[in-house]
Every structure is written in structure tokens, then in C-alpha cells.
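# Chain and residue survey
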Protein chains: 2
Amino acid sequence: MRGRLSSPTVSAERDFIAEHRDDLLADLDQWLRIPGISAQPEHHDDVRASAEWFADAARRTGFPTVAVWDDGPWLPAVYAHWRSDDADAPTVLVYAHHDVQPVDPLELWHTDPFDPTVDGDVLRARGASDDKGQLLFHLLAVRAHLAATGRTSPAVNLTFIVEGEEESGSPHFEELLATHRDELACDVVVVTDTGMIAPDVPSTVTGMRGMVSATVNFHGPDLDLHSGVFGGAVPNPATAIARLVGALHDGHGRVQVPGFYDDVLELTDDERDLFAKVPDDAADFLGVAQSRALSGEQGFSTLERIGARPTAEVNGIAGGYQGAGHKTIIPSDAFVKLSFRLVADQDPAKITRGVQEFVRANTPDGITADVEFEGDGVRPCLVPLGTPAYEALSGAISEAFDGAQVLPTREGGSGPEAGLQAAVQAPLVFLGVGLPDDQIHAPNEKVTVPMLFKGAEAAALLWSRFAAVGRSALTGG
Amino acid sequence: MRGRLSSPTVSAERDFIAEHRDDLLADLDQWLRIPGISAQPEHHDDVRASAEWFADAARRTGFPTVAVWDDGPWLPAVYAHWRSDDADAPTVLVYAHHDVQPVDPLELWHTDPFDPTVDGDVLRARGASDDKGQLLFHLLAVRAHLAATGRTSPAVNLTFIVEGEEESGSPHFEELLATHRDELACDVVVVTDTGMIAPDVPSTVTGMRGMVSATVNFHGPDLDLHSGVFGGAVPNPATAIARLVGALHDGHGRVQVPGFYDDVLELTDDERDLFAKVPDDAADFLGVAQSRALSGEQGFSTLERIGARPTAEVNGIAGGYQGAGHKTIIPSDAFVKLSFRLVADQDPAKITRGVQEFVRANTPDGITADVEFEGDGVRPCLVPLGTPAYEALSGAISEAFDGAQVLPTREGGSGPEAGLQAAVQAPLVFLGVGLPDDQIHAPNEKVTVPMLFKGAEAAALLWSRFAAVGRSALTGG
């Protein structure tokens, strides 16, 4: 097994990693046993234990400054800092998270989610891919970086911020960033919480979608009415809310919220060419989605629809009788929960106003509407191609993948990255080695172990590349 | 109080009723204390007690043949028969029911639903209007009929069939009718389970809507999907079910089920003139409905929409996340519960096929649809105006209301009447004295007591009128 990964002719980083892979696996086996589920208060002690475990591991790795931050309303986060001996070294902020998703429905797991099992290249446990495995490859990467370069400190100032609430929507992350603004100052951000297209198709995320979430409540008659006595003569809020949803897209799959596309940064021809290079196997995609068809905005590929186009989805709808059989009522109330995924350069505040206008225009006489938004929404995040930070990242990944071209991709989901970038005002790149079938957020989460070593190698190489680029080029890019 | 109703110059029937009104009130007070809720198994003993109580009351009134029928899967029904001494007398079948609606939410009742209270002309209790009060006026009516005519048997053969499952949708009524076909043979049916427009606007129901009920289940991906990772790229069953509902009506409020209006018996100009005579106070209607607007099929009045036009209503809709806050999923499943109210001469079987076709046409690629129908549906029921049976009824009601014109109305609801009519193959008329604000099926049900005496008077007069018309004219009409 070892022989397959070690190729001494390629790089000293790869050699070191190949020789110490068992260290990573042993650490991961320990850490994955801690059920740090941030969404479940009964696991908050475990979230703390998880933070303490990673803090210890960072100290063991050699980080001189390590702290568990619980000096705010957030669950424990870990801060680790290793200053370079080089005076002018750029400062890199690595973002990841140590909390994990809930595990229910437990009966769908084939193994205990907190008893890691290895089967060939597959390591199965909750958090294996999202995000403990990916965070942990960085500790091996730092050691490889030092060993390969003969240094006693990294070539860059390395700061880790490891959040403990990401799987709960990062509710206090911006407050944490504000509180610790000084410690987190940096020249470039590396986010390690994403994935690649396939084991043999290296790629990097260059965008994450933003989000606006709204619950639209329609109120009709003040009580449920007998649909025989009143049916056909008064507005039915369940019918009305369905019509509102029906009006949400046109026949081409385009969202009908006023001004929705005004600020969308359209894909360039070059970007579309790059998207087209990504292996896009509809059967595979449908298999993972367990869906029987594709659909969406006309004129765009599935990858473009997910990564580069904004969407409107119904996350929940309800009104009236929900039980078995029939109850012939006109319900008094109905609601729909909508989420809008945003892309650069859409502004959540402007989309929020558009949604309000859309609801007003689709509220019939006799229905009163109330719209609740989830916070201020999440901004979309876009990584420009061709910047020094992007080229350094792309070069490091390519080197770890034996010179293969690194494809830019975009993620459909939404995370704290845009807020992080806004807080630290530095360019941001994504180094993640999850795979599409990792089943993150689902039963039987797994990570493909060789991908972790690829990630470690890319990180080890990246610190040297960032140092070579230098501070001013990184931040000016 | 008594003086207001008694007008000795009008009829001996009215005199008798005025003198014996306390009998009706005393009986009603006893019977309303029995909580015969057919929908709740824990009250099935009460349904039996309710049947026994009415059987005793019928015996006390003088009915020679009285039986509680529980010789089938139905809850106890009461049969009472009084043969006329006149050999050629027509046979009248009176239909009513003795079971009552559930009383929840109990906290909205101002008094105990099973402790009747009288406040002026208002008697408040569950079942006061629907249907015990109305059934009970018939016993006083028979006595008045005999006393006023000096007969020892009624002028018609009188048969009562008093169902115990009407408030549960009459699930076994057709089987009961088939089992007791011989005892229930008749020349005309009088249904006593409806209402009038207002205390000073006598009217009679001339139609009840039929019904087809369907639950449409849409299945999309085999699991709830992350709306970030998959949003905008696969069909969302909640969006799809909403679009199906959105397609259910056109911009004019017309139902888009294929062939929906093909067999609708359009209102004649005369019928529309009669509808237009009915006081139609939008403010009153909206007050009772507690709705803020009217709506419906364009080109028709509210009364026409409810009584004479078919409708499609959403009784319930659900899919995806229903809790507080947000969960960004594409749900795996969604459903909508639809009810279609039908008018003459729509056929439930044909409408069922149309709904299946509509669902097929509105099921997008990647969604699988399953439609469940509630039984075979309910046929609409229409009473032709101008028949001897209708004229006799109209005359009797008019006489009880001092010669006022009796307006034909149509009820929006659906009941067992069409099945009853089909089983006995006899003309059917409606004698009911409920009022729109009786709150049947709701908390604080009441009956307006003087209406019960009007009903008794009309019934007492009706038996003489039916006898005068004679069997052959009634059945030939």
C-alpha cells in the first residue's frame, strides 16, 4: 500500500507524508470518536472535548501558540499560531471547523458513526470528510513542510482558526472574527472545507453561493371554513401560497423575483469553457441525488446551475389538513419556506427587498401576508482566477497531482467564507479534498484516505509557494 | 313570548304547536345531553343511547312501529313507521340524523356543549340545529297534524330513517339502504338537515353539491437533498405540487381539470332571477366566513358560486420542512389534498378520470405521482322546481311563514341525499330551518327556537298537502 503513494523522485514533502501516514490515521481514529455535534446541546461538552483534542494535537505538532477560544457566545473554537522566523513572511489564515453534523437517522448507518472503520481506501465515520479529516491533514502538512525544507519554523506565518459552530450555521462567527480581529489579521485565507471533482480530477472551489431564506405566511379566513359551505367563494390561503410558488419561476426556470438577475456576474466564455472541461456525468449526479431527472434554468449545464446561477427552492410548504383521509376545509393559514441561493455579485439586502415585492405582488385580495427572513442573509463568495494567491494554490495542487490541470469549480452551498473574507479583507482560496460521494451531512459519511495525503502534500507545498510569492504580491493580487 | 307565535286565526296546526312548544323544548333538553359523536369511538355508546332516546320519543308520539337498526356495520339508526288508515295514501320517507359533530376545540365554547342553555330565542348546544332540533320538530308536527285534522293516523304513511353516522360521512348508509330496501320504499323523500336564508326569508334547498376528494402525492429524489449542493438542478416535488395547484384554475377562476364543465347543468335565466332575489349581503357573508374578501369563478354571484357552480379547493398541502426557522433541503415528497365540489349533472367517475389526467399533465419529469381518491365520490343532487312534490313543500313552508314567497337555494355541501334518492327512486325535497349563523360543526352551535316551530308547522301542513296531491301525481312529477 505504501508504495503506491510514495514516489521519492517527486518531492521531499511527498516522501515525508508517505512515511508518516499512520500518524494521521491514528490521530484521526482518536478524534473521530468525539461526537462534537454543535446542533445538539447535549453534545456541547463533546464539542469542547473536540476543541481540546485539536488544541493538543496542534501543540504536539509544534505550534507555539494554541488556545481554545470560548470567550464569547460561540462554542469552543481553536486558535493556533506559528510565527515564521522570516521577518517578511506572509501570514496565512487557515479556516476549518471541528464540529460535526448530527447522525440521525442512525438506523441508516452501516457502522457506528463514532467508531471509525477503515475498508481499503475508505475511512467511514461522522466528520471523516467534513471536516476533521481535512483539518487534520494540515498538521501532517506542516511537519512535511518543515522536514522537506529543513526549516524549524514555517516559511509563512501560519494561523489556524477552527470553528466549533459551522454545522449550526456559524451563528456567532462574525462576532468571533470581530472580537479576535488582531490575532486573525492575515494576507491570504485558505479554506479547507470543500471538495474536488474526482480522485483523478484535481480542482478547487472558486465560488460559494450566498443565501436569503424567507418564510411567507398567508392568512385567509380567521378560522378553517367548511369547503362545502364556503368553497369557491372566498380566497383559500393554501391555494394562494401554491400560486405564489407557481409564479416563482417562468417557463425557462428563471426566478421571477423583481431584479433577481440584475447584479448576477455572468460567466465569461473562458469560465464556461473551464466548466465544460469538468467531467459532468448526469447518471452519476442523478445517482448521488437519487433523483430521476435533471431540471433548472434553461441554457446552463448542471454544474453551472449549481455553482454559477442563483436559484429559488421550496424547502417546506404547509397549510390545512395534514392527516390521513380527508377533511373538507378551507384552511385559515398556509406558509412556504423559500431559500434563494445567490451568486456574485448579488446583494442579500437587495434580494430581500425583491422577495418582499414579489410576495406583495402575489398576495391576492383577502389574504394577509407576513414574510420572515432569516437574519440578513449570506453573501456569495467568488475567487477571481489568475491572482497570485490562486496561481500559488493551483500550482501546489497540480504538483500534488503529478502535474494535472486544476479545474476551477463552484459550490452550490453557502458558508461563512464571505463573512470571513469581508472581516479580514484578504484574498481567499479553497484547498479541500472531499469527494462528491462522501455523504457529508448524511448517514455513512466517509473520506477517501489517499485524498487526505494529497491534501497534506498540496498544503505543504503551498506554504513554500506563498512565501515565494511574497506578501505584497499576495495582497495586491 | 307565546303570543308572538300563536295566531289562532291562521291554522289549527299553528295553534297546537303554540300550545305544546314546551314539550319540544323539554324533549330537546333531554336529548341534547347525550353526546352522540359518531366520529369518536369512545362516544359510540352515546350514539346508541341517542338512538334509543329517539326511538322512545317516537313511540311516545304514537308511532306504532319503531326499531333501532344495528343489524349492519353502521352505528345505530332509528326506523319509525306510522301507516295511514287511508288505503291510497302516499308514503313519505323523512331523512335526518341523530349523531352530532365533535366539540373540540372545547375551549372556544362559552357553555358546556352538552348542557343546553336557552337565552331568549337562542338554544345553544351541540346538535341543537344539526340535526336533533330539526328532527325533533317532526314529532311535534305529527301530533299537530293529527290534532288539527282530527285524524288518528297521519294522512300519509310516514316513515322516518334517522341515521347515526352522517357526521362521519355516512360510510355505511348505502349498505343500510340496500339492506332495508323494503321498509324504506316511498313515494317522496323529505330531507330535514338543511337551513333557510334568514328568519324572515323562507327558503328551501334545491340542490346539494357532490364531491370528489383526491390526495396527490409527488415523490422527487429518494431522500431530502441539500438545497445548496443540488438546488436548481433537480425537480423539487414541493415546487411541483405548488405548480400543479397553480394550474388548477385559470385567471377567471375556472377549474382546469379536463372536461370539468362538460356536464354542468347551467342555470336558467329563471333560476338566476330567483338566486338574485335572495338577500345577498356580502358583509354578512364575509362576517360569517371571517374572510376579508370574496373570490371565485368570474361571472357568478357568491350564492351561485356556492350552490350552482363546481369548485376545486385545496384542503391541505404539505412538503419538506415544517418546523421553526429554516432547513435548506429539497424535500423528497410533497402532497396536496384536493376536494372538488360537483353540481348537476357532473358525474364523480368522469371527474375522477379528469383529475387523473390533470395530474398526469402536471407531473414534471423526474417526479412520480400517486393519486388516492376517497371512495367513489358523492353525486350531486338537484331538486327540479315546479314538480308536485316541490309545490307541496313550497306551499306548506309559505303557509307557515304567513304567505311569504319561498326561495329556492342550493347548498354548497355534500351529503347522502343523492345516494338516498338513487336508492329509493323517489322525488326528494328539503325541509330544514337552520340558519346561516347556527355554527354547525363549530363551537357554540345554536338553533333559533322559533324556527323549530316554523318547521313543525310546515311539516304538519305538508302531510295534508302530500295527501291531497296523491301518490300518482307525486311519483309522476
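Numbers given to residues run from 1 along each chain, matching the order in which its sequence is written. To label them, take the chains in the order written and letter them from A, then take the ligands in the order written and number them from 1. Per-residue local features of the predicted model are confined to residues with pLDDT of at least 70, and side-chain atom pairs are confined, for both listing and counting, to 80 or more; whole-chain, interface and lining totals are unaffected and use all residues.

## Details of the overall build of chain A
Under the DSSP-based scheme used, a helix requires at least four consecutive residues in state H or I and a strand at least two consecutive residues in state E, with every element numbered from the N terminus. Within chain A one finds 16 helices and 18 strands. Taking 23 Å as the expected radius of gyration for a compact globule of 477 residues, we find that chain A reaches 24 Å, a close match to that expectation. Seen along its three principal axes, the alpha-carbon backbone of chain A occupies a region of about 85 × 45 × 45 Å. We call two residues in contact whenever the C-beta atoms placed from their backbones are within 7 Å. Sequence separation of at least 24 residues holds for 80% of the intrachain contacts in chain A that already meet a minimum separation of 6. For this measure, only C-alpha atoms enter the radius of gyration; the expected value for a globule follows 2.2 Å times N^0.38, where N is the number of residues.

## Here we look at the relation of the copies chain A and chain B
The least-squares superposition of copies is restricted to C-alpha atoms, and to residues with a pLDDT of at least 70 in both copies. The transformation that overlays chain A on chain B combines an axial shift of 0.0 Å with a rotation of 180 degrees, and the residual RMSD is 0.1 Å. Taken together, the turn and the small shift mark the pair as related by a two-fold rotation axis. Take the interface residues of chain A: 100% of them recur as interface residues in chain B, which is what a same-surface contact looks like.

## Let's talk about helix 5 (residues 132–149) of chain A
All names here are of chain A. In this model, helix 5 (18 residues) spans 26 Å end to end at C-alpha, consistent with the 26 Å of a helix rising 1.5 Å per residue. We call a residue exposed when 12 or fewer other C-beta atoms sit within 10 Å of its C-beta, buried when the count reaches 20 or more, and partly exposed for counts in between; the C-beta positions come from the backbone. The buried count for helix 5 comes to 15 of 18 residues, which makes it a mostly enclosed element. After helix 5 finishes, the residue G150 shows a positive phi value of roughly 70 degrees. Here, expected helix span is obtained from the residue count minus one, scaled by 1.5 Å.

## Some words on the domain arrangement of chain A
The figure often quoted for interface size is the accessible area lost as the parts come together. All names here are of chain A. The split into domains, and so the bounds of each, comes from an automatic or database assignment of domains. For chain A, the domain assignment lists domain 1 (2–208 + 381–476) and domain 2 (210–264 + 310–373). Look at where the C-alpha atoms of domain 1 and domain 2 centre, and you get two points 39 Å apart. Listed per partner, the contact involves five residues of domain 1 and five residues of domain 2. When its residues are assigned to classes, the side of domain 1 that touches domain 2 shows two nonpolar, three polar and no charged. Polarity classes work like this: nonpolar for Ala, Val, Leu, Ile, Met, Phe, Trp, Tyr, Cys and Pro, charged for Asp, Glu, Lys and Arg, and polar for all others, with Gly in that last group.

## Focus: the nonpolar core
In globular proteins that are soluble, nonpolar side chains generally tend to be buried together. If you look at the biggest cluster of nonpolar residues, it comprises 252 residues, and the most contacted ones within it are V189(A), I241(A), I317(A), V189(B), I241(B) and I317(B). In this structure V189(A) touches L93(A), Y95(A), L420(A), Q421(A), V424(A), A426(A) and L428(A), once residues within four positions along its chain are discounted. Nonpolar cores are identified as sets of buried Ala, Val, Leu, Ile, Met, Phe, Trp, Tyr and Cys residues joined via C-beta atoms within 7 Å.

## Description of the interface of chain A and chain B
Chain A puts 67 residues into the contact, and the matching count from chain B is 67 residues. Among the elements of the structure, strand 10 (225–226), helix 7 (227–230), helix 8 (237–246), helix 11 (302–307), strand 11 (311–320), strand 12 (329–330) and strand 13 (333–342) of chain A are those that each provide at least two residues to the side of chain A that touches chain B. It is strand 11 of chain A that contributes the most residues to the side of chain A that touches chain B, nine residues altogether. Split into classes, the residues belonging to the side of chain A that touches chain B amount to 24 nonpolar, 30 polar and 13 charged. Pairing between strands requires that DSSP locate at least two bridges from one strand to the other. With five bridges connecting them, strand 11 of chain A and strand 11 (residues 311–320) of chain B associate as antiparallel partners. Following the sheet pairing, G320(A) is matched in strand 11 of chain B by G316(B).

## Remarks on the pairing of strand 16 (residues 407–411) of chain B
Residue and element names in this part refer to chain B. Strand 16 sits mainly inside the fold: four of its five residues count as buried. Bridge count between strand 8 (residues 203–208) and strand 16: four bridges; the pairing is parallel. Bridge pairing links M208 to E411 in strand 16.

## A word on the sheet that holds strand 16 (residues 407–411) of chain A
Spatially, three strands are ordered 15-8-16 (chain A) in an open sheet, and the strand pairing comes out mixed. Because the sheet does not close on itself, it has two edges, and the strands there are strand 15 (381–382) and strand 16 of chain A.

## Here's the deal with the confidence of the model for chain A
All names here are of chain A. In this model, chain A carries a mean pLDDT of 93, and residues with pLDDT of at least 70 account for 98%. Note that residues 1–8 has pLDDT below 50 and, in this model, nine contacts with residues that lie over four places away or in other chains. Here the predicted complex scores 0.83 on pTM and 0.83 on ipTM. Summary of the metric used: pLDDT quantifies the predictor's per-residue confidence within the range 0 to 100.

## Digging into the sheet that holds strand 16 of chain B
On the basis of which strands lie adjacent, the open sheet formed by three strands has the order 15-8-16 (chain B) and mixed pairing. Each having just a single partner strand, strand 15 (381–382) and strand 16 of chain B make up the two edges of the open sheet.

## Remarks on the packing of helix 2 (residues 12–19) of chain B against helix 5 (residues 132–149) of chain B
Helix-helix packing: each pair is described by the crossing angle between the helix axes and the interaxial distance. Residue and element names in this part refer to chain B. Each axis is a line fitted through C-alpha atoms, and for a helix only the stretch in contact is used; angles between axes span 0 to 180 degrees, taken between their N-to-C directions. Across the interface, helix 2 lies against helix 5 with an axial gap of 8 Å and an inter-helix angle of 130 degrees. Here helix 2 is positioned oblique relative to helix 5, judged by the angle of their axes. Handedness of the helix 2/helix 5 crossing: right-handed. From helix 2, A12, E13, F16 and I17 reach across to helix 5, where they touch L140, R143, A144, H145, A147 and A148. Its residues placed into classes, the contact of helix 2 with helix 5 shows seven nonpolar, one polar and two charged. Between 65 and 115 degrees an angle is taken as roughly perpendicular, under 35 as roughly parallel, over 145 as roughly antiparallel, and anywhere else as oblique. Working rule for handedness: look at the near helix, and if it is turned counterclockwise from the far one by less than a right angle, call the crossing left-handed; if clockwise, right-handed.

## Points about the environment of H441(B)
Looking at the secondary structure, you find H441(B) in the loop between strand 17 (428–430) and strand 18 (446–448). Separated by 314 residues in the primary sequence, H441(B) and G127(B) have C-alpha atoms spaced 8.9 Å apart. In this structure, H441(B) is in contact with H226(A) and Q101(B), ignoring residues within four places of it in sequence.

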